[in-house]
Amino acid sequence: MRHARRLDGIPPTIFAEMSALAVRTGSVNLGQGFPDSDGPPEVIEEAIAALRGGRNQYAPGIGVPELRTAIARHQQRHYGIELDPDRQVAVTTGCTEGIAAALLGLVDPGDEVVVLEPYYDSYLAMIGFAGGVRRPVPLRAPSFRLDPDELRAAVGPRTSLILLNSPHNPTGSVLTREELEAVAAVAQENDLIVVTDEVYEHLTFDGRRHVPIATLPGMFERTLTLSSAGKSYSFTGWKVGWATGPADLVAALVGAKQWLTFTSGAPLQPAVAAALDECPDFPAKLARSLEERRDRLAAGLTAAGLSPYTPEGTYFTTTDITDLGWANGREFCLALPERAGVVAVPMAAFYDHPDGDGRHLVRWAFCKDEPVIDEAVRRLAAADLSA
């Protein structure tokens with residue numbers, strides 16, 4: 001195969017592989033994190049109205065004004081962050097493009113990027129595309145907590161940026177204020193930029209609350225915050241995200257983004273604005289439903305001999321398959337469709353070293369409708385899952 005050297009060492013995304021496996025085998029897909037049910041119907045109606053109303057040509061590169069204003073209101077309402085929607089807000093094609101544009105706009109070749117491991121797989125790809133060098137800081141099972149000493153040890157003279165993710169995919173950990181304060185101290189002591197992926201900001205459980213690191217003292221001016229409507233409003237296919245922060249960091253992101261998609265989803269942007277302004281309670285209701293589904297799947301996994309770690313947020317729970325005798329999670333996940341008619345994702349795909357800390361971990365998505373979870377649980381209970 002012919003390809004550029006920048007693709008060396010960057011495998012195809014695990015989500016495409018496992019979702020294709022689910023389709024091919026007719027399995028219940030608990031791998032890729034997309035819900036079975038759409039978000040608020042009135043938001044869909046707003047998108048239809050925009051389509052019929054002629055909003056089908058290019059939107060401004062930084063996003064339509066009503067969405068940028070709605071995003072600014074969202075940040076003020078939830079976190080007390082005041083933003084200029086014309087200079088400190090930009091709309092992206094989902095948070096995935098936001099991550100790409102942020103790294104391309106802020107990382108020079110040879111710069112080191114500190115990242116929590118395990119990490120969402122696009123982080124690896126985009127750090128590499130930007131010419132950066134990743135410096136992973138492990139979140140270790142079973143607690144998946146951040147060790148401040150390991151964070152400090154990862155920072156060197158070439159470090160320019162910390163890429164943060166909380167609530168954290170794939171572990172489901174929600175960083176505490178104390179952990180965020182440790183990140184803030186390291187960032188300020190070493191004059192580092194923080195890019196923070198907060199797409200699961202509203203999907204936290206058991207009374208926990210997400211704290212944006214930009215709200216900590218001295219952090220707004222060095223933090224670029226990324227999020228989207230995909231997870232909070234169950235419109236993952238719309239790919240409407242945003243970046244907020246100081247004008248210079250937003251401008252750096254836009255400087256790269258203009259050569260990626262430039263703009264996208266013109267009729268979807270006013271619909272997302274309506275979601276933020278007119279359906280502010282939807283994410284909290286969704287979080288309560290997800291908490292119930294988390295517990296439903298956890299009970300089924302436990303009954304099948306797969307003791308899950310309890311996530312504090314996101315769509316995902318994790319199990320260790322060591323006691324079942326498998327050499328690694330990838331072998332388990334490739335055998336699972338034939339054994340049980342279910343698909344999950346091997347956590348090793350989110351680690352630098354597939355034979356390291358994550359080799360025996362498997363991620364399961366509980367953002368599915370209850371009958372789908374029940375069917376997956378039924379299939380797992382009937383299967384022999386041992387190696």
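What you are looking at is a predicted structure, and each value in this text was computed from that prediction instead of being measured.

Undergrad: Even after reading the chapter, I still don't get the pairing of strand 10 (residues 316–320), so can you show me in this structure?
TA: On a regular strand, each side chain points to the face opposite its neighbour's, so the side chains alternate between the two faces of the sheet. Where burial is concerned, most of strand 10 is hidden: four out of the five residues are buried. Across two bridges, the pairing between strand 9 (residues 308–309) and strand 10 is antiparallel. From the neighbouring strand, Tyr-309 faces strand 10, where its bridge partner is Thr-318. Relative to strand 13 (residues 361–365), strand 10 runs antiparallel, the two sharing five bridges. Residue pairing in the sheet places Thr-319 in a bridge with Val-362 of strand 13.

Undergrad: I would appreciate a short explanation of a nonpolar patch on the surface in the present structure.
TA: Together, Leu-7, Leu-104, Phe-129 and Leu-260 make up an exposed nonpolar region whose accessible area comes to about 300 Å². Inspection of the secondary structure puts Leu-104 in helix 4 (residues 94–106). Taking relative accessible area as the criterion, Leu-104 reaches 34% and is therefore assigned partly exposed.

Undergrad: Is there a simple way to think about the sheet that holds strand 8 (residues 241–244) in this case?
TA: The pairing of strands in a sheet happens through backbone hydrogen bonds and is either parallel or antiparallel. Strand order in the open sheet made by the seven strands is 2-8-7-6-5-3-4, with mixed pairing throughout. Each edge of the sheet is formed by a strand with only one pairing partner; in this case those strands are strand 2 (89–92) and strand 4 (133–138). Averaged over all adjacent pairs, the angle separating strand axes in this sheet is 20°, with direction ignored. Contacting strand 2, strand 5 (159–165), strand 6 (193–197), strand 7 (223–228) and strand 8, helix 4 runs over the sheet at an angle of about 160° to strand 7. Packing against the sheet, helix 5 (residues 121–129) makes contact with strand 3 (112–117), strand 4, strand 5 and strand 6, and its axis sits at approximately 160° to strand 5.

Calculation rules
- Position numbers for residues start from 1 in each chain and track the written sequence from start to end.
- Residues qualify for local features only when their pLDDT is at least 70, as the model is predicted, and side-chain atom pairs are given and counted only at 80 or more; totals for whole chains, interfaces and linings, by contrast, use all residues.
- Side-chain measures here rest on the full set of heavy atoms in the structure, leaving out hydrogens and waters.
- The buried label goes to any residue with under 20% of its type's maximum accessible area, the exposed label to any with over 50%, and the partly exposed label to all in between, with areas taken from a 1.4 Å probe on protein chains only.
- Numbering of helices and strands runs from the N terminus; a helix is a DSSP stretch of H or I covering at least four residues, while a strand is a stretch of E covering at least two.
- At least two bridges found by DSSP between two strands is the condition for calling them paired.
- Without a salt bridge and with relative accessible area above 30%, a residue can belong to a patch; like charges are then joined within 9 Å and nonpolar side chains (Val, Leu, Ile, Met, Phe, Trp, Tyr) within 5 Å.
- Only the protein chains shown count as cover for residues, and all accessible areas are computed by the Shrake-Rupley method using a 1.4 Å probe.
- Between Lys or Arg on one side and Asp or Glu on the other, a salt bridge is scored when a side-chain nitrogen of the former is within 4 Å of a carboxyl oxygen of the latter.
- For helices, the fitted axis covers only the stretch in contact; all axes are lines through C-alpha atoms, and the angles between them, taken along N-to-C directions, range from 0 to 180 degrees.
- It only takes one pair of heavy atoms within 4.5 Å for two residues to be counted as in contact.

Geometric descriptors of this kind do not, in isolation, establish any biological role.
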